[in-house]
Amino acid sequence: MRNLKKLLAVLVSIAVVLTAAIPAFAEDALLSDAEICYELGVIKGGGDGTMTPEEIETYSGKTAERIQAAILLLRLKGLEDEARAYPVDEDTPNFKDADKVAHAGTAVNLLAYLKNTPELGWQGGPAGNFSPTEPATAQMIYKVMLESLGYKQGVDFEYNEVIGFAKALGLKEIASKGVVTVGDVCTAIVEALQTPMKDQDMTLAEAIGADDDEFLAKAINLGLVTSYEYVAIDDITIAYGADEAAVAEALPATVTVKFSDGKTAIRNVVWGAVDTSTEG
């Protein structure tokens with residue numbers, strides 16, 4: 001066995017350089033929840049997806065349809081493309097009114113995805129309808145956010161308990177509203193992102209970021225996640241000429257990270273290329 005070189009864990013989330021186009025917010029301006037969701041890629045404009053601050057404000061004031069709210073929450077989890085590409089044929093279980101969306105397109109696929117992925121929390125009504133163009137409500141949005149945090153209807157809460165259960169977790173900003181706007185949905189999202197997952201210290205933002213380094217970097221920049229650095233690890237020795245499988249086995253999949261508030265946690269790690277063909 002020969003020491004090749006001291007290997008350093010590279011947390012991609014810290015190294016990501018954010019070069020995506022963003023609206024020209026003043027540096028000292030306090031971003032609205034809708035603006036935060038825009039920077040996270042949860043709300044988008046037409047065409048190339050960009051929006052001005054004025055367009056974001058106008059859009060955030062519109063009443064949120066149920067399917068619109070579902071799309072925003074799928075984007076939050078990075079699932080929109082998967083949902084729109086979900087294979088559908090005449091035998092695919094779907095909501096009874098899935099074809100009632102005026103500009104259906106891939107909405108039929110998206111609704112089938114929601115129907116067949118019940119863990120996302122979109123169950124529809126008792127008659128089997130989704131009512132895609134009906135207004136979203138605070139109760140419905142908080143119910144889905146609770147599911148995103150790991151809580152389950154019928155286990156942790158009942159539907160008529162959603163508002164009270166959400167309030168107990170600190171999700172309360174839109175609780176008094178019936179029908180909600182796009183901006184209200186964004187507010188619920190921002191609340192939930194900073195809320196710990198069920199039985200964990202990790203917040204929803206950190207949980208999403210654990211599998212999406214770009215999202216985590218943005219969340220850190222927006223103050224939704226406390227910045228951190230990895231804790232130094234011991235030198236790792238890898239055999240000269242070791243193949244990829246041996247290298248992968250020798251490198252840990254996680255490292256301990258230390259947050260700026262002094263707390264530590266375990267996080268996934270991505271390693272740079274390891275050259276075992278050269279001694280050193």
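Scroll up to find the structure this text is about.
Residues numbered from 1 in each chain as written. Predicted model: local features only at pLDDT ≥ 70, side-chain atom pairs only at ≥ 80, totals over all residues. Heavy atoms only, no water.

Time to look at the overall build of the protein. Within the protein, the secondary structure is distributed over 12 helices and three strands. Taking all 280 residues of the protein together, the buried fraction comes to 42%. Contacts in the protein between residues at least 24 apart in sequence constitute 63% of all its contacts with a sequence separation of at least 6. Carbon together with sulfur atoms contributes 49% to the accessible area of the protein, which is approximately 14,800 Å² in total. (Helix = DSSP H or I, 4+ residues; strand = E, 2+ residues; numbered from the N terminus. Buried < 20%, exposed > 50% of the residue type's maximum accessible area, 1.4 Å probe, protein only. Contact = heavy atoms within 4.5 Å. Areas by Shrake-Rupley, 256 points an atom, 1.4 Å probe, with all protein chains shown as cover.)

This part is about the packing of helix α7 (residues 138–148) against helix α9 (residues 182–193). α9 packs onto α7 with a crossing angle of 25° between their chain directions and a minimal axis gap of 10 Å. In terms of orientation, α7 lies roughly parallel with respect to α9. Relative to α9, α7 is oriented so that their crossing is right-handed. Mapping the contact onto sequence places I141, Y142 and M145 in α7 and V185, A188, I189, E191 and A192 in α9. (Axes fitted to C-alpha atoms, helices over the stretch in contact; angles between N-to-C directions. Parallel < 35°, antiparallel > 145°, perpendicular 65-115°, else oblique. Left-handed = near helix turned anticlockwise from the far one by under 90°.)

Inspection of the entire model under this criterion finds five aromatic pairs. Look at F95 and F130: their rings are 5.0 Å apart centre to centre, the planes differ by 55°, and that puts the pair in the tilted class. Highlighted residues: F95 in the loop between α5 (80–84) and α6 (107–115) and F130 in the loop between α6 and α7, separated in sequence by 35 residues. Judged by relative accessible area, which is 0%, F130 ranks as buried. Ring-pair connections join several aromatic residues into one group, and the members of that group are F95, W122 and F130. (Phe/Tyr/Trp six-rings, centres within 6.5 Å; stacked < 30°, edge-to-face > 60°.)

Attention shifts here to the nonpolar core. Where a protein is soluble and globular, its nonpolar side chains tend to be buried together. Among the nonpolar cores identified, the biggest contains 68 residues, and I43, L114, W122, I141 and L193 are the most heavily contacted of them. For I141, the contacting residues outside a window of four places in its chain are A69, A136, I174, V180, V185 and A188. Among the nonpolar cores identified, the runner-up in size contains five residues, and I236, I238, A242 and L251 belong to it. (Core = buried A, V, L, I, M, F, W, Y, C linked by side-chain atoms within 4.5 Å.)

What follows is about unusual backbone geometry. Positive phi values are uncommon outside glycine, yet S131 reaches one of about 55°. As for its position among the elements, S131 is in the loop between α6 and α7. The phi angle at D199 is positive, at roughly 60°, despite the residue not being glycine. Mapping D199 onto the fold places it in the loop between α9 and α10 (204–209). The exposure class assigned to D199 is exposed, which follows from its relative accessible area of 73%.

Inspection of the secondary structure assignment puts T106 in the loop between α5 and α6. Separated by 22 residues in sequence, T106 and R84 have C-alpha atoms that sit 5.3 Å apart. A distance of 2.8 Å separates polar atoms of two side chains, one belonging to T106 and the other to R84. (Polar contact = N/O pair within 3.5 Å; in protein donor to acceptor, adjacent residues only side chain to side chain.)

Now for the environment of I163. If you trace the backbone, I163 turns up in helix α8 (residues 162–168). We classify I163 as partly exposed; its relative accessible area is 23%. Sequence separation of I163 and A138 is 25 residues, and the distance between their C-alpha atoms is 8.1 Å. When residues no more than four places from it in sequence are discounted, the contact partners of I163 are A138, Q139, Y142 and A175.

Right, let's get into helix α11 (residues 213–221). Among the residues of α11, F215, L216, A217, K218, A219 and I220 are the ones counted as buried. For α11, the N-terminal cap is D212; the gap from its side-chain oxygen to the backbone nitrogen of E214 is 3.3 Å. One or two steps after α11, the chain reaches G223, where phi turns positive at roughly 80°.

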